[in-house]
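# Results of the structural survey
Here are the chains, one letter per residue:
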Amino acid sequence: MRRVVCPGSFDPVTNGHLDIISRASRLFDEVVVAVLINKTKKGLFSIDERMEMLEEVTKEYGNVRIDKWHGLLVDFCRHNDIPVIVKGLRAVSDYEYELQMAQMNHRMAGVETMFMSTNPLYSYLSSSLMKEIVKYGGDVSGLIPELVHTRLAERLQEP
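Residues numbered from 1 in each chain as written. Predicted model: local features only at pLDDT ≥ 70, side-chain atom pairs only at ≥ 80, totals over all residues. Heavy atoms only, no water.

## Let's talk about the side chain of aspartate 19
- Along the chain, aspartate 19 turns up in helix 1 (residues 15-27).
- There is a polar contact of 2.9 Å between the side chain of aspartate 19 and the side chain of arginine 23.
- If sequence neighbours within four positions are ignored, aspartate 19 has contacts with Asn119 and Tyr122. (Helix = DSSP H or I, 4+ residues; strand = E, 2+ residues; numbered from the N terminus. Polar contact = N/O pair within 3.5 Å; in protein donor to acceptor, adjacent residues only side chain to side chain. Contact = heavy atoms within 4.5 Å.)

## Section: the pairing of strand 5 (residues 112-117)
- The pairing of strand 4 (residues 84-89) with strand 5 spans six bridges and is classified as parallel. Looking at strand 5, one finds that isoleucine 85 is bridged to threonine 113.
- Crossover strand 4 to strand 5 through helix 4 (residues 92-109) is right-handed. (Pairing = 2+ DSSP bridges. Right-handed = clockwise from strand over helix to strand, strands pointing away.)

## Some remarks on the sheet that holds strand 5
- Strands sit in the order 3-2-1-4-5 across an open sheet of five strands; the sheet is parallel. Strands with a single pairing partner mark the edges of an open sheet, and in this sheet they are strand 3 (64-69) and strand 5. On average, each strand axis in the sheet is inclined to that of its neighbour by 30 degrees, with strand direction left out of account.
- Relative to strand 3, strand 2 (residues 30-36) is paired through six bridges, and the arrangement is parallel. Directly across from valine 31, in strand 3, lies its bridge partner valine 64.
- Contacts between helix 2 (residues 47-58) and the sheet are confined to strand 2 and strand 3, with strand 3 contributing the most and set at about 170 degrees to the helix.
- Lying on the sheet, helix 4 is in contact with strand 4 and strand 5; it crosses strand 5 at an angle near 160 degrees. (Axes fitted to C-alpha atoms, helices over the stretch in contact; angles between N-to-C directions.)

## Notes on the nonpolar core
- Residues Ile21, Val33 and Leu54 are the most contacted members of the largest nonpolar core, which totals 33 residues.
- Taken together, the elements giving at least two residues each to this core come down to strand 1 (3-8), helix 1, strand 2, helix 2, strand 3, strand 4, helix 5 (127-135) and helix 6 (146-157).
- Here the element with the most residues in this core is helix 2; it accounts for five residues.
- In contact with valine 33, other than residues within four places in its own chain, are Cys6, Phe10, Ile21, Leu54, Val64, Arg65, Ile66 and Asp67.
- The next biggest cluster of nonpolar side chains, apart from the first, holds 10 residues, and it includes Val5, Val32, Val74 and Val111. (Core = buried A, V, L, I, M, F, W, Y, C linked by side-chain atoms within 4.5 Å. Buried < 20%, exposed > 50% of the residue type's maximum accessible area, 1.4 Å probe, protein only.)

## Thoughts on the packing of helix 2 against helix 6
- Running from N to C, helix 2 and helix 6 cross one another at 155 degrees; their axes reach a closest spacing of 10 Å. Overall, the two elements helix 2 and helix 6 adopt an arrangement that is roughly antiparallel. When helix 2 is examined against helix 6, the residues Glu49, Glu52, Met53, Glu56 and Val57 are found in contact with a partner set consisting of Leu147, Val148, Arg151 and Arg155.
- Classifying every residue of the contact of helix 2 with helix 6 by side-chain character gives four nonpolar, no polar and five charged. (Parallel < 35°, antiparallel > 145°, perpendicular 65-115°, else oblique. Nonpolar A, V, L, I, M, F, W, Y, C, P; charged D, E, K, R; others polar.)

Right under this line is the structure:
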């Protein structure tokens, strides 16, 4: 079985994330979307909320599993017998950082990294940008799933 992990914080998931996940799901038998836990950062959504949204918006793919992990990504890969990480690249600036991570992951555990260029429709998307736009009432139609937009608007309107 060909397995791959698609890691991230997904706070919240965007259509750019979903583009990479869906493309990976056509190339691999199983895609594990790993919500990485960074205890030094306070996210807008809890890990469980992120996982719930991801499960809902990826259920149509059939071969995508949602999981969470605290620690090194290579340890997650070893623990789950996953030889490949897939990462979306939006711009050259992403590449410089991701290349360094890929080289370290390969050195530490022999895990390969596959880079996918982001669909130009989503190349400017980031979770933080979506949060800012929704916070101020901007239109993010077509940039995040409707379920995520609803949850994001509700969360940002809370006192």
